[in-house]
Amino acid sequence: MEFQTKTIHIGQEPDPSTGAVITPIYQTSIFSFDDIGKPKGYEYSRAGNPTRQALEECLASLEKAEHCLTFSSGVNAASAILSLLRPGDHIIATEDLYGGTYRLFEEIYNRQNITVTYVSGDEPENFEKAITDKTKLIWLETPTNPLLKLIDIEAVAQISKWHNILLCLDNTFSTPYFQTPLTLGADVVLHSTTKYINGHSDVIGGAVLTNDEEIFEQIKHYQYIVGGIVSPFDAWLTLRGLKTLAIRMDRHETNAIKVAEFLKEHKIVEEVFYPGLSDNPQYSLAKKQMTGFGGVVSFKIKGGQDEASSFFRNLNLLQLALSLGGVESLACYPTTMTHGTIPSDKKEKLGVTDNLIRLSVGIEHINDILEDLDNALLKSKSSLSFKH
Ligand SMILES: *Cc1c(COP(=O)(O)O)cnc(C)c1O
């Protein structure tokens with residue numbers, strides 16, 4: 001079955017008791033037993049729920065995974081993966097990591113003596129150089145946030161396999177429509193389903209996917225004990241959003257390419273970050289490991305915080321908001337928003353400067369998006385010329 005067909009049908013056969021074509025919201029915490037020790041298939045919704053299961057089966061088929069578990073948030077799913085570690089264990093992560101994952105490492109797991117070394121993903125050898133005899137996990141994000149740098153997944157997977165280290169990849173930005181890390185050697189895939197997977201900015205959720213039976217059983221057991229499950233209603237909304245993932249991603253991408261090309265030519269723009277620009281140094285790596293470039297475009301506006309601030313104030317269609325991956329276009333200011341908790345010297349080193357703007361390009365008509373961007377950029381220029 002092709003991807004588009006799977007999003008609509010896998011795990012979502014008509015309900016056997018009523019014929020309901022759409023998977024019902026099983027808004028129940030408990031299920032009756034036939035007899036002592038004989039449940040009908042479900043017992044208690046922390047352990048399992050049919051709406052959640054439908055979502056998990058569908059996501060697993062899309063990521064080419066045997067197993068999937070869904071959670072109440074992306075960071076909750078990340079935390080479940082980290083439960084595989086023990087005090088003293090060491091993690092190697094990409095330095096331009098999602099801010100919430102960084103916080104999870106530094107503010108929660110550090111207390112349990114789980115330490116993290118952050119490396120630049122430019123050269124796969126950087127991961128190898130950081131390995132110690134305590135290293136248990138390599139944590140990748142590609143494309144990275146907010147500068148959309150790519151990491152060669154197969155090259156890092158070779159290193160992790162050689163050293164018997166788990167490789168986890170946060171695939172939130174690409175979705176399985178554009179990148180399937182398990183087929184490139186990753187052991188575990190993480191999603192914030194809050195973003196493109198649900199796609200409508202009305203749910204917080206997360207997912208863990210793997211082909212490794214033992215990892216699956218351990219994380220499932222962790223979830224059974226700790227909870228953090230996605231609710232039946234949120235699972236249902238996510239299933240509904242998922243049905244249009246492929247056509248949404250196609251449109252996000254065509255719009256993002258046009259936005260990136262437009263910004264590149266704009267006189268108020270200093271630099272554009274998007275792996276789908278043919279002069280991007282990682283364009284060929286993008287072509288190798290992805291089937292599309294995604295919908296996030298970052299750029300540096302000429303000037304600093306004042307000009308960025310003026311740009312945001314002059315947007316009409318695009319909203320200044322956190323997050324990404326919804327049908328609506330958003331603009332965000334990484335240095336104080338997504339990366340607000342990262343120390344300033346680190347941000348500087350990463351290139352998260354005070355003129356950096358991240359766009360989540362939505363699926364509105366491209367003319368309206370470009371017009372709004374152009375207008376806000378030109379108005380920020382008048383503040384620029386006024387100042388100097
Ligand atoms: C949003 C996000 C997360 C965290 O997910 P939540 O659903 O907000 O908990 C993790 N990784 C990436 C790349 C994200 O964009």
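Note that this is a predicted model, so its numbers are computed, not measured.

Rules of the game
Residues numbered from 1 in each chain as written. Predicted model: local features only at pLDDT ≥ 70, side-chain atom pairs only at ≥ 80, totals over all residues. Heavy atoms only, no water. Buried < 20%, exposed > 50% of the residue type's maximum accessible area, 1.4 Å probe, protein only. Helix = DSSP H or I, 4+ residues; strand = E, 2+ residues; numbered from the N terminus. Pairing = 2+ DSSP bridges. Near = heavy atom within 4 Å. Polar contact = N/O pair within 3.5 Å; in protein donor to acceptor, adjacent residues only side chain to side chain. Areas by Shrake-Rupley, 256 points an atom, 1.4 Å probe, with all protein chains shown as cover. Nonpolar A, V, L, I, M, F, W, Y, C, P; charged D, E, K, R; others polar. Arc of directions from axis to C-beta. Contact = heavy atoms within 4.5 Å. Domains from an automatic or database assignment. Buried area = accessible area lost by both parts, 1.4 Å probe. Salt bridge = Lys/Arg side-chain N within 4 Å of Asp/Glu carboxyl O. Patch = residues over 30% accessible without salt bridge, like charges linked within 9 Å, V, L, I, M, F, W, Y side chains within 5 Å. Axes fitted to C-alpha atoms, helices over the stretch in contact; angles between N-to-C directions. Phe/Tyr/Trp six-rings, centres within 6.5 Å; stacked < 30°, edge-to-face > 60°. Core = buried A, V, L, I, M, F, W, Y, C linked by side-chain atoms within 4.5 Å.

Overview of the pairing of strand 14 (residues 356–360)
Item 1. The buried fraction of strand 14 is high, at 5 of 5 residues.
Item 2. Side chains L356, R358 and S360 of strand 14 all project onto a buried face; the interleaved residues I357 and L359 project onto the opposite face, where all are buried too.
Item 3. Looking at chain direction, strand 11 (residues 296–301) and strand 14 are connected through 5 bridges and run antiparallel. From the neighbouring strand, V297 faces strand 14, where its bridge partner is L359.
Item 4. Alignment of strand 13 (residues 330–332) against strand 14, held across 3 bridges, turns out to be antiparallel. Bridge assignment links A331 to a residue of strand 14, and that residue is L359.

Description of the site of the ligand
Item 1. Lining the immediate surroundings of the ligand are S73, G74, V75, Y98, D170, T172, F173, S192, T194, K195, I204 and G205.
Item 2. Contacts to the ligand include S192, whose side-chain N or O atom sits 2.8 Å from an oxygen atom.
Item 3. Interatomic distance of 2.7 Å between a side-chain N/O atom of K195 and an oxygen atom of the ligand.
Item 4. About the coverage of the ligand: the protein hides 93% of its 380 Å² of free accessible area.
Item 5. Of the residues contributing to the shell around the ligand, the split by class is 4 nonpolar, 6 polar and 2 charged.

Topic: helix 6 (residues 153–162)
Item 1. Restricting attention to buried positions, one finds in helix 6 the residues I153, V156, A157, I159 and S160. End-on view of helix 6: buried residues confined to an arc of 160°, all on one side of the axis. Exposed and oriented more than 90 degrees from the buried face of helix 6 are Q158, K161 and W162.
Item 2. Elements in contact with the buried residues of helix 6: helix 5 (125–130), strand 6 (135–141), strand 7 (166–170) and helix 11 (283–289).

What about the domain arrangement of the protein chain?
Item 1. Under the domain assignment, the protein chain is made up of domain 1 (3–242) and domain 2 (246–387).
Item 2. Computed over C-alpha atoms only, the centres of domain 1 and domain 2 are separated by 27 Å.
Item 3. The interface of domain 1 with domain 2 comprises 38 residues on the first partner and 43 residues on the second.
Item 4. Buried area between domain 1 and domain 2, summed over both chains or domains, comes out near 3400 Å², and the portion from carbon and sulfur atoms is 58%.
Item 5. Counting the surface domain 1 buries against domain 2, the share from its top three residues, L150, F178 and Y196, is 25%.
Item 6. The tally of links from domain 1 across to domain 2 stands at 3 salt bridges.
Item 7. Our count for the contact surface shared by domain 1 and domain 2 stands at 16 residue pairs in polar contact (both at pLDDT 80 or more).

A few points about the side chain of N355
Item 1. Along the chain, the position of N355 falls in the loop between helix 13 (344–350) and strand 14.
Item 2. Using a relative accessible area of 6% as the deciding quantity, one classes N355 as buried.
Item 3. Setting aside residues up to four positions removed in sequence, N355 forms contacts with E270, F299, K300, I301, G303 and G304.

Remarks on a nonpolar patch on the surface
Item 1. Nonpolar side chains collect at one region of the surface, where Y224, I225 and V226 lie side by side and expose about 320 Å² of accessible area between them.
Item 2. Along the chain, the position of V226 falls in helix 8 (residues 213–226).

Some thoughts on the sheet that holds strand 5 (residues 115–119)
Item 1. Read from one edge of the open sheet, 7 strands run 3-9-8-7-6-4-5, paired in mixed fashion. At either margin of the open sheet sits one strand with a lone partner, and together these are strand 3 (67–71) and strand 5. Direction aside, the axes of adjacent strands within the sheet are offset by 20° on average.
Item 2. One ladder, built from 4 bridges, connects strand 4 (residues 90–94) with strand 6; its direction is parallel. Paired with A93 across the strands is W139, a residue of strand 6.
Item 3. Packing of helix 4 (residues 99–109) onto the sheet brings it into contact with strand 4, strand 5 and strand 6, and relative to strand 5 it is tilted by some 140°.

Describing the packing of aromatic side chains
Item 1. One pass over the full model with this rule turns up 11 aromatic pairs.
Item 2. When the centroid spacing of 5.7 Å and the interplanar angle of 25° are considered together, the rings of Y283 and F293 count as stacked. With Y283 in helix 11 and F293 in the loop between helix 11 and strand 11, the pair connects residues that are 10 residues apart, well separated along the chain.
Item 3. Residue classification places F293 among the buried residues on the basis of a relative accessible area of 13%.
Item 4. The interplanar angle of 75° and the centroid separation of 5.7 Å between the aromatic rings of F312 and Y333 together place this pair among those described as edge-to-face. Taken together, the residues span a long stretch of sequence, with F312 in helix 12 (residues 305–313) and Y333 in the loop between strand 13 and helix 13 at a distance of 21 residues.
Item 5. The class of F312 is buried, set by a relative accessible area of 11%.
Item 6. Grouped by ring-pair contacts, the aromatic residues F299, F311, F312 and Y333 constitute a single cluster.

Some points on the nonpolar core
Item 1. Counting 32 residues, the largest nonpolar core has L263, F299, F311 and L359 as its most contacted members.
Item 2. Put simply, the parts of the chain that give this core at least two residues each are helix 10 (245–265), strand 10 (269–273), helix 11, strand 11, helix 12, strand 14 and helix 14 (366–387).
Item 3. Here this core gets 5 residues from one element, more than from any other, and that element is helix 14.
Item 4. Setting aside anything within four residues of it in sequence, one finds L359 in contact with V259, L263, G295, V296, V297, F299, L318, L330, A331 and L373.
Item 5. Within the second largest apolar cluster, 30 residues are counted, among which are L82, L104, L137 and L190.

Some thoughts on the pairing of strand 11
Item 1. Where burial is concerned, most of strand 11 is hidden: 6 out of the 6 residues are buried.
Item 2. Side-chain alternation along strand 11 places V296, S298 and K300 on one buried face and V297, F299 and I301 on a second face that is also buried.
Item 3. Two strands pair when backbone bridges link them, and strand 10 and strand 11 are joined in this way by 4 bridges, in the antiparallel orientation. Bridge assignment links V272 to a residue of strand 11, and that residue is F299.

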